Amino acid sequence: MSVLRFAFGSPGAGFYGAELLQAQNTAEAGRSDASHSEASLAKAATVLSIEGVSLSFGGVTALSNIDLDVRQGETRAIIGPNGAGKSSLINIISGVYRPDSGRIRIGAASFAHVPTQKLARLGVARTFQNLGLFKGLTVLENVMTAREHANTSTFIGQLLATPSARRQEQAARERAERVLSFLHLTEVRDRLTGTLPYGLQKRVELARALAATPRILLLDEPMAGMTATEKNEMADFVRAVRAEFGTTIILIEHDIGVVMDLSDRVAVLDYGRKIADGTPSQILEDQAVIDAYLGVAHENEDGEGI
Ligand SMILES: Nc1ncnc2c1ncn2[C@@H]1O[C@H](COP(=O)(O)OP(=O)(O)OP(=O)(O)O)[C@@H](O)[C@H]1O
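Only a predicted model underlies this, so the values are computations on that prediction, with no experimental measurement involved.

## Digging into the site of the ligand
Phe57, Val60, Ala62, Gly80, Asn82, Gly83, Ala84, Gly85, Lys86, Ser87 and Ser88 make up every residue found near the ligand. Put simply, the parts of the chain that give the shell around the ligand at least two residues each are β2 (60-71) and α4 (86-93). Of the residues forming the shell around the ligand, the biggest block, three residues, is contributed by α4.

Structure below.
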């Protein structure tokens, strides 16, 4: 703590350093609540794991030998400064990128490259950093697209509106309506998604991911670009999702206060390496994390700053 205070007061302390200090104070105030869930989560099964994953783009190492486990029902954050490798990791989990080496386990299945087209069937849904919505469709239509993987009727069946195709359409509509109500979006269900304020569009994206009834939800910067009020609302909804559906959540987010408040465990990346992994309070006390966020110069093997 004293190191943080000192660093925070120094002229070189960055924006993230200030956030880290604020998050530490908040975490200390709420520490007593955490221990019960920590104990029960420690016994929970691993539902997803990353094993020795590395990825380079040309000469740039985006990820270097990363191990990470995610337990049933936890909210697991992945944080790190810009360029640390967070998006690369979430893109590997969702099959957008194939790692150069390592494996990804989802439930009982193990992959060198996660098949994106099977992601929903594996029980995984994601949101995108820069909204992946159809702006010209209504909110309800966007959310209904999430049920495509559960749709077993043929194209001709849908065209002719066979009983089976109608039942599936009805089930998709009912699920979408339930999710919209849960996320307080019913009022805007018939609005064109592109006409909604940004914060609401982010919530529609959460709704679409939830409509796929995922066991694991990947949230890629769900609060990016939001006002403080919108962030608080979104944080409440993310908490509610876990409480209501028991969904396991993997969260990438720049707002350290939000991360520390929502997460059970936090992994920290820096220059493609995992430099820390633990509970929010452990992370906030970790010297390597403090250095990474305050921009302390990296040293080469001879101990010289680089
Ligand atoms: N498609 C790509 N082509 C080339 N380099 C890439 C590509 N994607 C990522 N990188 C590089 O890999 C490294 C890790 O990037 P990544 O986007 O995963 O980090 P990040 O932690 O998500 O950053 P940010 O917080 O800024 O989104 C960076 O050096 C980045 O420039």
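After that view of the structure, there is still more to cover.
## Considering unusual backbone geometry
If you check the backbone angles, His184 has positive phi at about 55° while not being a glycine. Of note, His184 is situated in the loop between α7 (163-182) and α8 (198-211). On the basis of neighbour counts, which here come to 13 C-beta atoms within 10 Å, the residue His184 falls in the partly exposed class. Located in the positive-phi region is Thr213, a residue other than glycine, with phi close to 45°. Within the secondary structure layout, Thr213 lies in the loop between α8 and β7 (216-220). With 17 C-beta atoms counted inside 10 Å, the residue Thr213 sits in the partly exposed group.

## Section: the nonpolar core
With 74 residues, the main nonpolar core has Val143, Leu180, Ala207, Val259 and Val268 as its most contacted residues. Counting residues per element, this core draws most heavily on α8, which supplies six residues. Those residues in contact with Val268, other than ones at most four positions away along the chain, are Ile79, Gly80, Lys274, Ile275, Ala276, Ile283, Val289 and Ala292.

Reading guide: rules and limits
Residues numbered from 1 in each chain as written. Predicted model: local features only at pLDDT ≥ 70, side-chain atom pairs only at ≥ 80, totals over all residues. Near = placed C-beta within 6 Å. Helix = DSSP H or I, 4+ residues; strand = E, 2+ residues; numbered from the N terminus. Buried ≥ 20, exposed ≤ 12 C-beta atoms within 10 Å, placed from the backbone. Core = buried A, V, L, I, M, F, W, Y, C linked by C-beta atoms within 7 Å. Contact = placed C-beta atoms within 7 Å.

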